Amino acid sequence: MSRTTSFKLVLLGESAVGKSSLVLRFVRNEFSDFRINHRVSIGFAGAAFLTQTVNLDDNTAVKFEIWDTAGQERYKSLAPIYFRNSNAAVIVYDITQPPETSFEKAKTWVRELQRQADPGIVIMLVGNKLDLSASRKTSTELGKQFADEEGLLFAEASAKSGEGVEGLFMEIARKLPANPPPTRTPASRQGVRVEGQAEETPSACNC
Amino acid sequence: MANLQLEEPSRHLLCASQPTFALSKGTLSARASLMILAARLGSPAPVTHPSATARRPGVMGARPNRSESNGAKTASKDWVRRREMLVDQALEDDDLEALKRISALPGGFGSDASRKKVWPVLLNTAHYFAAAGPSQATHATSMNGHGQHHSESAEDDSPDVNSGTEHPDESQVLLDTKRSFVSYPKHLAPETKRVMQADLQHLIVGVLREYPSLSYFQGFHDIMSVLYLTYIPIPEPPRSRSSSRNRVQRERGEKPVNGGMTGEKRGRSASPRRVATHPDTLSPLDGSAGTVERHRGGANWKTLRQLAAVVSLCRIRDAMGKGLEGMMGLLRILKRVLKAADPELARFSSHISPVPTLPFFALSWILCLFSHDVDSLEPIQRMFDFLLARNPISAIYLAVAILVAKKPQMFRMAKGLGSEGERDPSLLHPLFARLPPLYADTPDAPQPDIAPSQRADDDPNPYEPIPLSLVFALTDKLMVQYPWDEAPIRGDEIMGEGSVVYSYEREIAARKDFESGWTLETAVQLVDKEVVKPGSGEADEDEEPSLPVIKRLRWRIRVPRDKAGTAVAVGIVLVGVGIAAYSTRAGGSRSDWRRWWAAVIHEWVGTNSGVGRAREYWRVWVGVVENVVGSVRDAVV
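This report concerns the structure included in the present document. The shown structure was predicted, so the numbers you read here are calculated from the model rather than taken from an experiment.

Each value, and the rule that gives it
Residues numbered from 1 in each chain as written. Chains lettered and ligands numbered in written order. Predicted model: local features only at pLDDT ≥ 70, side-chain atom pairs only at ≥ 80, totals over all residues. Heavy atoms only, no water. Helix = DSSP H or I, 4+ residues; strand = E, 2+ residues; numbered from the N terminus. Contact = heavy atoms within 4.5 Å. Areas by Shrake-Rupley, 256 points an atom, 1.4 Å probe, with all protein chains shown as cover. Pairing = 2+ DSSP bridges. Axes fitted to C-alpha atoms, helices over the stretch in contact; angles between N-to-C directions.

**Regarding the overall build of chain A**
Thought 1: Scanning chain A for helices and strands turns up seven helices and six strands.
Thought 2: Seen in sequence order, chain A has helices and strands lined up from the N terminus as β-α-α-β-β-α-β-α-β-α-β-α-α.
Thought 3: Here the analysis covers contacts within chain A between residues at least 6 apart in sequence; of these, 77% occur between residues at least 24 apart.
Thought 4: As presented, chain A carries roughly 8700 Å² of accessible surface, and 48% of it is formed by carbon and sulfur atoms.

**Some details on the sheet that holds strand S5 (residues 122-128) of chain A**
The strands making up a sheet associate through backbone hydrogen bonding, with each pair oriented either parallel or antiparallel.
Residues and elements named next belong to chain A.
Thought 1: Pairing in this open sheet of six strands is mixed, and the strands run S2-S3-S1-S4-S5-S6 from one edge to the other. Looking at which strands have only one partner, the edges of the open sheet turn out to be strand S2 (50-55) and strand S6 (153-156). Strand after strand, the sheet turns through a mean of 25 degrees between neighbouring axes, direction not considered.
Thought 2: With five bridges connecting them, strand S1 (residues 3-13) and strand S4 (residues 88-94) associate as parallel partners. Looking at the pairing, Val 10 lines up with Ala 89 of S4.

**Overview of unusual backbone geometry**
Leave glycine aside and you will find that most residues have negative phi; peptide bonds, for their part, are mostly trans.
Residues and elements named next belong to chain B.
Thought 1: In this structure, Pro 185 follows Tyr 184 across a cis peptide bond, with omega equal to -5 degrees.
Thought 2: Among the secondary structure elements, Pro 185 is positioned in the loop between helix H9 (170-177) and helix H10 (190-210).
Thought 3: Residues Ala 487 and Pro 488 are joined by a peptide bond in cis, for which omega reads 5 degrees.
Thought 4: Mapped onto the secondary structure, Pro 488 falls in the loop between helix H21 (468-481) and helix H22 (500-512).
Thought 5: One non-glycine residue, Asp 94, adopts positive backbone phi at about 50 degrees.
Thought 6: Tracing the chain through its elements places Asp 94 in the loop between helix H5 (70-93) and helix H6 (96-104).

**Examining the pairing of S2 of chain A**
Successive residues of a regular strand alternate their side chains across the two faces of the sheet.
All names here are of chain A.
Thought 1: Note that S2 and strand S3 (residues 60-67) share six bridges and pair antiparallel. By the bridge assignment for S3, Asn 55 is matched with Ala 61.
Thought 2: Hairpin connection, S2 to S3: the antiparallel pair is bridged by four residues.

Here it is in structure tokens:
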């Protein structure tokens, strides 16, 4: 009997670097050319909220609850609402852009997380669009070096070809603590009611 | 006696579909019961698991069969013609109240042709663009101080990137317009979509360059795409012209060419919507880059540009400043309205966000006026009909009405999540954020003929359709019951004088008083000015306790299946009483509600088959809704 542990994961990164595409590849093994049917993400975690479970071994499974985010700068102020409670973050940049654009933005997200997120958060830096490596403008070394310095996980991947996508989520899963994450206390897992909760309980409650 | 008569058919209805209800005695209210019944009646197909419906063909809002069916044709023609006359009369009288009321009715403004006449009136474009002359209506020269002229004249054949000063958000606009027209219209040829995306880019960049103090937000492109699709016919793909046009028209959720009036004479002056032969649009769009631009010189495009400007500056200005303060303010108001309208649902909703502060799940709804989240065109056009006829705060009430309307379904699904959902309420977040299919009901088609659309390549909508007129009636009721600037909502403590919710009043005053001083320039000056009151970002005193709640929350919803029929019957009686009381309080005529209520009972008694009863009841319910809307209007007036 395998044990499944749920973790919250938030995706961050500049607009159109492929955040939603990575999630869709991971969860549904699909890739949609954005010109055809890929919507812009607005705000946070609307219909883009998805879950996917990966098996680490015969006895352990990790379920990701993935919160996708909007890339535009103006929505940045909302991000802490979501990443403060996350166990993992995937920060995405586009390797076909010069480093001073989306890679630079990825670095600011790292700083943001270091400042505001749970200190135990697992951060994965991902250079996306590896299928377009012929027009690469941000080198693997640059990403790798920054990740090493900051103690982040690092991967390059292609949501389009699928290369590296599952691997990066597996790596996050392995890095996450084996114990239930802090957002689930043993008490809550058993559904024990806490004192003072009566007023909070919907009247439909049968307790 | 009435109870006995009511109970039986109700039970029958329920048996015909699926007798599972997210209800308990504790939650039963008249409104909830009506919502359930409405949701039920709105969907003739039994509830199926999402995976079972995922590949079901059909398009929500599209009614390809009806227009081909001779039986329905006559009825359709009658109500459309009547409605168009009503609209024309209201337009003639510049009767905003009438337009407001019509927008909420089943069928709304009746036809696309009507809608296209109404929107400029609701937005009062003639007032703002009078200087250029209504017929030419070439846009007034820009207000950006650069003296650039952004006319939509035929010679303006380049996508605005050659004129004016580049707006800093243009690259973001391009990223987003390249991802536009995704949910609707469906089945566009790639080349067609490319032309439309270029048009949209042109439209948005034009507005931004003209009013550079506006900031673009992701989602603005969704709002603009609704305006665009309403006024600009879908360009012709290079090959297999007519067949694909007709298909696309149907997929847009519209009636076929000629506004569903194929082969019929139209009684009024309304020009038939001859998309396929529209002189503005057909010939230029056959592909070559040089001719693609030419339709931008047409009258439709001019109207579109004017509407885009007025919507941006007068209706969604709060979202087009530098930050999100305005939206946060609106979310706070939404939270308060929800709490007033349905305390249980409000409590429930506060537990599903990672941090239980504001109803962030509704952010994209109100930010994009629902255009990002509705997945077919006709319903969102109807919602725009409704919203454009009201103070922009109406979007908040519409959001709450939708939540209340989908609550029974939502609770049922939440129940289905079982212990997992109890342990982790954030799993319910997608249930909150997802809009149900909102069905653009009409008097002759109060419920969908066919299954709701399922984006074949995307996750299916787990909800059953809910008729829009029902949601609209509830929205109006809530707006009267809980005014945004009075207790308990007290939105006036949150929104500043520079917000659209205040400037709307000036906008309305300018309809009567041309010297009122309200112009687009005035609106420009309000961008980023006092959108919210100072200090309004602070937490409500009634704010939910912070983080630990998520760990503690233990909720359960009872689903008393065998009692559902009785519950609904009782609910219907309560609603009858409620409507009566409400009408009386609102000053409506007693005989009015009695008449409606008698009609309800009469219809139940007088019909035979279960399905027939359902449909008949539905017609009457629509009548009741109209009555409520009428009462609300009376109360306002």
